[in-house]
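Each chain, written out:
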Amino acid sequence: MSTQEITPTRSVLLEVKKKIKLSESGYKIMKMKRDGLIIEFFDIMEQAKEMRDRVVQDYEDAMKKINIALAVDGAIAVKSAAYAMKIDPQVVLRNKSIMGLIVPQIEAEAVCTPVVDRGYGVISTSAHIDEAAKAFEKLLETMVEAAEVETTMKKILDEIEKTKRRVNALEFKVIPEMKEAEAFIEFRLEEMERENTIRLKHLKKVAGAKE
Amino acid sequence: MIRRKAKANYPYAVARVRGKKRALIKQEDYSKLMMMELPEISRFLGETNYQQEMAELGGRFDGVDLIEHATYRSMARNFSNVLDFSQGELKEMISAYLSRWDYWNVKVILRGKSFGADKDSVSEDLVPAGNMDEAYLEKLNAMGCCEDIIEELEKRLSSKFPEAAVEAYKQLGKLNGIEEHLDRLHYQRMLGSITPSTRAKRLFRNFIKREIDTSNLETVFMLKMDNVCADDIMRYVVDGGLQVDKGMATRLANAEDVKAMAAELADLDFYEDIKPALESEEISLREVVDALHRYRIKETEKFSHLYPLSVIPVIDYMVHKKLEVDNIRIIARGKVSGLDHETVKGLLVI
């Protein structure tokens, strides 16, 4: 707000004072939100780290098991067993709010299926193939959980950045500029009052000389 | 059932399979294969019994897929050849034994069809090592839907599929009921084809019954580890086992947990063979299955020398040929997927 654009009147001064008060309370709330989000972020970062480790671990386990199944039973048997799988994993998306920030809540359904529901015959299907199927189901479930945590973490990070920019804007630009405007108006009003007093004194003096 | 039309040609068939067995990869060659890279393994196979198949399939596949398909094709040709030169009751027993490959192929076709895989891709995966020749399997593969295949199989096998299984396929697309019926049918007909008139045939019958034992044990372990209830486990137990029959299976299925189930196995003849796999803190299904597999191979080795002029040397050859194909694939796939040397060595059955 440039001082040149300001009309130095009492009503503007009152308006500016009101805005300063509002900005200061907004600043405090934003600062609290930023601090709260940072605490949330550190919590979620720990979870994300843990999830990444679990994804890596489950992936390595699943790959080892599928490689063993491919070696022992052959690619043909593994491919054929995969063809028999009839249940498609479903993902249910919901929302939850963290300090007003909407983050996704992802739930995986029908990922881990019992061996009798996998579609292939239990009697002749190799245990190696079944173990590989189970390991991949576990990996998929972990990845869905990881997707929720990672998305939440990214959203929180973006929100922290946004809130930080707003806090800084209020602290270093909006509030100082309004305070400057307030000071300018007060100064101008005082000056106008002084000018007025001098003008009145001068008029009084002129009137006294005429008499 | 066996129809005694032609006389079984045991001396000729046994002499032929002994020759074939001598041509299998030797134990010491596996150590060399373990040290080779994939192109070297391919070259090695191209210079052995697999030369023809490697050359035939070289244009369609490469790398480890070529090795897998070529070894399967070689095995299918050898088994068909054995079936061709066998006669009489020997042929019927071998035919019943090889029907496992028919059921295997039927399952590949049904699964591919239900998934919507294209005909050529399913065709590539067939291993015509049984009684159903390539033309018949292609005929099944060319059929429009699984219902038509099921109808055709009912005629060919003279066996009706359980209505519940067919209905489950129609409603939910699940093939497990159909597949389980085929597995039961295989063992039922296999046992039916062996008249226990001689000691060799009784031994062969017991060998098949032992196979049912190990298959039942594998199934019960798999389901128990998946926390399936006892009644449901019993639905998957195959009749005709030597020791793991319905009674034993019920005891195992009703055991409190896997540990308690493992303790129930102490009375089995082959307990000592699978004991190390059952003693670990957390029982691994894979280790149990591998131990059962090793036991089966040991049994074959043992009984193959007992009756030189019987079906046993022929079955022994078939088991060893399948083992060779499995071992080559394990080494090749192990190399490609970067499995460590010790894991690959542990998977091999030499």
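Once a new chain begins, its residue numbering starts again from 1 and follows that chain's sequence as written. All chains are assigned letters beginning at A, and all ligands numbers beginning at 1, according to the order in which they are written. With the structure being a predicted model, the display of local features is reserved for residues of pLDDT at least 70 and the display and counting of side-chain atom pairs for 80 or more, all residues being used for whole-chain, interface and lining totals.

**So, the overall build of chain A**
Here's step 1: In terms of helices and strands, chain A carries two helices and two strands.
Here's step 2: Only the C-alpha atoms count toward the radius of gyration. The rule for a globule is 2.2 Å times the residue count to the power 0.38. Taken over C-alpha atoms, the radius of gyration comes to 35 Å for chain A, far larger than the 17 Å a tight globule of 211 residues would show.
Here's step 3: Overall size of chain A, expressed as C-alpha extent along the three principal axes, is 130 × 25 × 20 Å.
Here's step 4: Burial statistics for chain A: of 211 residues in total, 27% are counted as buried.
Here's step 5: Contacts are defined on C-beta atoms placed from the backbone: any two residues whose C-beta positions lie within 7 Å are in contact. Long-range contacts, defined here as pairs at least 24 residues apart, represent 85% of the contacts in chain A between residues at least 6 apart. Think of it this way: any DSSP run of H or I at least four residues long counts as a helix, any run of E at least two long counts as a strand, and we number them from the N terminus. Between the buried cut of 20 or more and the exposed cut of 12 or fewer other C-beta atoms within 10 Å of a residue's own C-beta lies the partly exposed class, and all C-beta atoms are placed from the backbone.

**Observations regarding the overall build of chain B**
Here's step 1: When you go through chain B residue by residue, the secondary structure sums to 19 helices and zero strands.
Here's step 2: Compactness check: chain B gives a C-alpha radius of gyration of 21 Å against a globular reference of 20 Å for 350 residues, within 12% of the reference.
Here's step 3: With the C-alpha coordinates aligned to their principal axes, the bounding extent of chain B is approximately 55 × 45 × 45 Å.
Here's step 4: The buried share among the 350 residues of chain B stands at 43%.
Here's step 5: Sequence-distant contacts in chain B: of pairs separated by 6 or more residues, those separated by 24 or more amount to 62%.

**Some remarks on the packing of helix α6 (residues 88–115) of chain B against helix α9 (residues 146–157) of chain B**
Residues and elements named next belong to chain B.
Here's step 1: Each axis is a line fitted through C-alpha atoms, and for a helix only the stretch in contact is used; angles between axes span 0 to 180 degrees, taken between their N-to-C directions. Look at α6 against α9: their axes get within 9 Å of each other, and the N-to-C directions meet at 160°. Here α6 lies roughly antiparallel to α9, going by the angle between them. Here V106, I109, L110, K113 and S114 of α6 come into contact with α9, specifically with C146, I149 and L153.
Here's step 2: Grouping the constituent residues of the contact of α6 with α9 by class yields six nonpolar, one polar and one charged. Throughout, the term roughly parallel applies to angles under 35 degrees, roughly antiparallel to angles over 145, roughly perpendicular to angles from 65 to 115, and oblique to all others. Under the grouping applied here, Gly and all other residues not named as nonpolar or charged are polar, the nonpolar ones being Ala, Val, Leu, Ile, Met, Phe, Trp, Tyr, Cys and Pro and the charged ones Asp, Glu, Lys and Arg.

**Section: the interface of chain A and chain B**
Here's step 1: Counting residues at the interface gives 26 residues for chain A and 37 residues for chain B.
Here's step 2: Taken together, the elements giving at least two residues each to the side of chain A that touches chain B come down to α1 (10–84) and α2 (127–210) of chain A.
Here's step 3: Top contributing element to the side of chain A that touches chain B by residue count: α1 of chain A, with twelve residues.
Here's step 4: In the side of chain A that touches chain B, the residues fall into 15 nonpolar, seven polar and four charged.

**Regarding the domain arrangement of chain B**
All names here are of chain B.
Here's step 1: Note: domain ranges come from an automatic or database domain assignment. For chain B, the domain assignment lists domain 1 (36–85 + 325–350), domain 2 (86–195) and domain 3 (200–305).
Here's step 2: Taken together, the eight residues of domain 1 in the interface contact eight residues of domain 2.
Here's step 3: Looking at the side of domain 1 that touches domain 2 residue by residue, the class counts come to seven nonpolar, one polar and no charged.

**Quick look at the packing of helix α12 (residues 199–225) of chain B against helix α17 (residues 285–304) of chain B**
Residue and element names in this part refer to chain B.
Here's step 1: Between α12 and α17, the shortest axis-to-axis distance is 10 Å and the interhelical angle comes to 175°. Taken together, α12 and α17 sit at an angle that is classed as roughly antiparallel. Within the contact between the two elements, α12 uses L203, F207, R210, E211, T214, L217, E218, F221, M222 and M225 and α17 uses L285, V288, V289, L292, R296, E299 and F303.
Here's step 2: For the contact of α12 with α17, the class distribution of residues is eleven nonpolar, one polar and five charged.

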